[in-house]
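Topology and contacts: notes
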Amino acid sequence: QFSSELRASKDSASSAQALDSILHYFGSSTDFDPLSDEFRELIGELTTQCTRVSSSPQIFQTDSTLTGYLQVFFLLLSREIGIDHLLEVGVFELLRTIFETYLSVGAESRNHNIELDFLQTFWMFSSTTSFEKSVEVHQMYSQIAADVFKRRSDSDIQTLSLKLLMNITLIKSSRHLVISNAFEGLCECIKDCQIECQSKFTVKDQALKVMNNISADSSLQHSLVDRGVCGCLNATISRPFSASEEENSAPFSGQLALSAVKVVKNLALNKELKLALVVAGTADVLMESARRACEQVC
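Keep in mind it's a predicted model, so treat the numbers as computed, not measured.

**Considering the overall build of the protein**
A count of helices and strands for the protein gives 17 helices and zero strands. Its C-alpha atoms give the protein principal-axis dimensions of roughly 75 × 35 × 35 Å. A total of 298 residues make up the protein; the buried ones form 50% of that total. Expressed as a percentage of contacts within the protein between residues at least 6 apart in sequence, the contacts between residues at least 24 apart total 71%. Entry remark: accessible area of the protein is about 14100 Å², with carbon and sulfur atoms responsible for 52%.

**Regarding a nonpolar patch on the surface**
Side chains of L275, V278 and V279 sit close together on the surface and give an oily, nonpolar patch of about 330 Å² of accessible area. Relative to the assigned elements, V278 resides in helix α16 (residues 274-279).

**Description of the packing of helix α7 (residues 112-126) against helix α9 (residues 135-150)**
Packing of α7 against α9 brings their axes to within 12 Å, and their N-to-C directions diverge by 145°. Regarding α7 and α9, the two cross each other, and that crossing is left-handed. Along its contact with α7, which presents E115, L119, F122 and F125, the element α9 presents V137, Y141, I144 and V148. Residue composition of the contact of α7 with α9, grouped by class: seven nonpolar, no polar and one charged.

**Considering the nonpolar core**
Core analysis: the biggest nonpolar cluster contains 90 residues, and L46 and Y141 have the highest contact counts within it. With residues up to four places along the chain from it excluded, the contact list for L46 reads L6, L19, I22, Y69, V72 and F73.

**Considering the side chain of D117**
Following the sequence through the fold, D117 ends up in helix α7. Apart from residues no more than four positions distant in its own chain, D117 is found in contact with T67 and L70.

**Topic: helix α3 (residues 37-53)**
In this model, α3 (17 residues) spans 24 Å end to end at C-alpha, consistent with the 24 Å of a helix rising 1.5 Å per residue. By the burial criterion, the buried members of α3 are F39, L42, I43, E45, L46, T47, Q49, C50 and V53.

**Focus on the pattern of salt bridges**
Inspection of every chain in the model, using the stated rule, returns seven salt bridges. Among the salt bridges present, the one from R7 reaches E45, with a minimum N-O distance of 3.1 Å. Taken together, the residues span a long stretch of sequence, with R7 in helix α1 (residues 2-8) and E45 in helix α3 at a distance of 38 residues. Exposure remark for R7: the relative accessible area of 41% places this residue in the partly exposed category. Taking the relative accessible area as the measure of exposure, E45 reaches 9% and is therefore buried. Residue R175 pairs with D217 through a salt bridge whose shortest N-O separation is 3.2 Å.

**Observations regarding the packing of aromatic side chains**
Scanning all chains against the criterion turns up twelve aromatic pairs. Look at F99 and F122: their rings are 5.5 Å apart centre to centre, the planes differ by 80°, and that puts the pair in the edge-to-face class. Placement of F99 in helix α6 (residues 91-104) and of F122 in helix α7 is noted, with a sequence separation of 23 residues between them. Looking at F99, the relative accessible area reads 0%, which means it is buried.

**Details of the state of the cysteines**
A complete count under the given rule lists zero disulfides for this structure. Between C232, a free cysteine, and C187, which holds the nearest cysteine sulfur, the sulfur-to-sulfur gap is 3.8 Å.

**Brief notes about the environment of P34**
By the secondary structure assignment, P34 is in the loop between α2 (12-28) and α3. Using a relative accessible area of 29% as the deciding quantity, one classes P34 as partly exposed. For P34 and I81, which are 47 residues apart along the polypeptide, the C-alpha to C-alpha distance reads 6.5 Å. Leaving out residues up to four positions away in the same chain, P34 has contacts with F39, I81 and G82.

**Notes on the packing of α9 against helix α11 (residues 175-191)**
Contact geometry of α9 with α11 gives a least axis separation of 9 Å together with a crossing angle of 15°. Classified by the interaxial angle, the pair formed by α9 and α11 is roughly parallel. In this structure, α9 crosses over α11, and the sense of that crossing is left-handed. Of the residues in α11, those touching α9 at H138, Q139, S142, Q143, A146, F149 and K150 are L177, N181, A182, G185, L186 and C189.

**Looking at unusual backbone geometry**
You will see that E80, though not glycine, has its phi angle at about 50°, which is positive. Locating E80 in the fold gives a position in the loop between α4 (65-78) and α5 (83-88).

Definitions and limits used
- Residue numbering note: each chain is counted from 1, following its sequence as written.
- Since the coordinates come from a predicted model, pLDDT governs what is reported: local features require at least 70, and pairs of side-chain atoms require 80 or more to be given and counted, while whole-chain, interface and lining totals use all residues.
- Side-chain calculation: all heavy atoms of the structure are included, whereas hydrogens and water are not.
- Only runs of H or I of at least four residues qualify as helices and only runs of E of at least two qualify as strands under DSSP, and these elements are numbered from the N terminus.
- Burial classes: relative accessible area under 20% of the type maximum marks a residue as buried, over 50% as exposed, and values in between as partly exposed (1.4 Å probe, protein chains only).
- What makes two residues a contact is simply this: any of their non-hydrogen atoms within 4.5 Å.
- Methods summary: accessible areas were calculated by the Shrake-Rupley approach with a probe of 1.4 Å, and residue burial reflects only the protein chains presented.
- Residues with no salt bridge and a relative accessible area higher than 30% make up the patches, which join like charges within 9 Å and nonpolar side chains (Val, Leu, Ile, Met, Phe, Trp, Tyr) within 5 Å.
- Salt bridges are identified by distance alone: a Lys or Arg side-chain nitrogen within 4 Å of an Asp or Glu carboxyl oxygen.
- In this description, a line fitted to the C-alpha atoms serves as the axis of each element, helices being fitted only across the stretch in contact, and the angle between N-to-C directions of two axes falls anywhere from 0 to 180 degrees.
- It is the rotation of the near helix from the far one that decides the hand of a crossing: anticlockwise by less than a right angle makes it left-handed, clockwise makes it right-handed.
- For this classification, the nonpolar set comprises Ala, Val, Leu, Ile, Met, Phe, Trp, Tyr, Cys and Pro, the charged set comprises Asp, Glu, Lys and Arg, and every other residue, Gly included, is treated as polar.
- In plain words, nonpolar cores are sets of buried Ala, Val, Leu, Ile, Met, Phe, Trp, Tyr and Cys residues tied together by side-chain atoms within 4.5 Å.
- An expected span of 1.5 Å times one less than the residue number is assigned to each helix.
- Two rings from Phe, Tyr or Trp (for Trp, the six-membered ring) form a pair when their centres sit within 6.5 Å of each other. Planes less than 30 degrees apart are called stacked, planes more than 60 degrees apart edge-to-face, and all others tilted.
- Note on disulfides: each one is a pair of cysteine sulfur atoms within 2.5 Å.
- For classification purposes, an angle smaller than 35 degrees is called roughly parallel, one larger than 145 roughly antiparallel, one from 65 to 115 roughly perpendicular, and anything else oblique.

This is the structure in structure tokens:
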């Protein structure tokens with residue numbers, strides 16, 4: 001029934017109505033078989049129609065139909081329904097292609113809500129058990145998240161891209177992809193002095209959590225230090241005691257400093273890196289920060 005309704009859709013209104021019916025059904029019912037021919041046919045039709053609507057040059061500005069498809073895919077992922085078949089028919093490659101097209105258009109043609117829908121769908125997939133087994137997708141998604149993050153867009157979009165990177169770092173065999181694709185962006189974000197509001201703090205805190213996950217992997221610690229991670233960590237640890245630190249930023253900078261110390265601790269557990277941390281000035285920064293903190297308490 002749903003496949004027929006989608007095929008019969010002649011305009012955005014009829015497509016939206018068909019997609020709403022699908023959302024309602026899968027959101028409220030358990031009376032379906034994800035292995036059935038009918039379900040597989042529906043996924044195939046969703047993919048076909050999503051491909052068709054995404055060919056419109058106005059799709060990222062005004063057309064809400066794309067949002068409808070993203071919401072259906074998000075719902076299926078959140079309930080872990082038929083993910084293997086979604087992989088089989090190439091849904092995630094399709095969404096990546098559409099999103100790359102979205103990123104290539106001018107800012108005036110972008111729709112903030114559609115970008116959020118894309119990232120929420122990518123993040124939801126990365127939160128499923130099927131994602132861990134999809135090695136070929138890890139490179140694709142780490143690149144997507146890194147590209148979005150480097151654009152330094154709205155805080156909510158940056159946070160979602162970091163959550164996607166975080167899920168990739170939970171897969172030990174793919175952590176190196178985050179270093180390859182996102183290391184510079186993470187360091188720039190962590191080192192940036194602007195933390196005057198909660199949203200900016202959230203982005204930096206999430207970036208440090210990603211870095212902490214990577215730094216816990218002994219096989220990647222040398223790479224982090226060689227690529228200069230100590231620079232952004234030193235700046236973050238010393239920031240609470242900076243003469244230029246604004247009063248309204250102090251609580252945020254103190255919490256971020258503690259998160260940066262956790263990363264340093266991971267690196268310091270590697271005996272081979274102790275000298276490198278001294279040479280990079282990290283040991284001096286830690287001692288000076290500890291001294292200043294004691295002075296404040298006393």
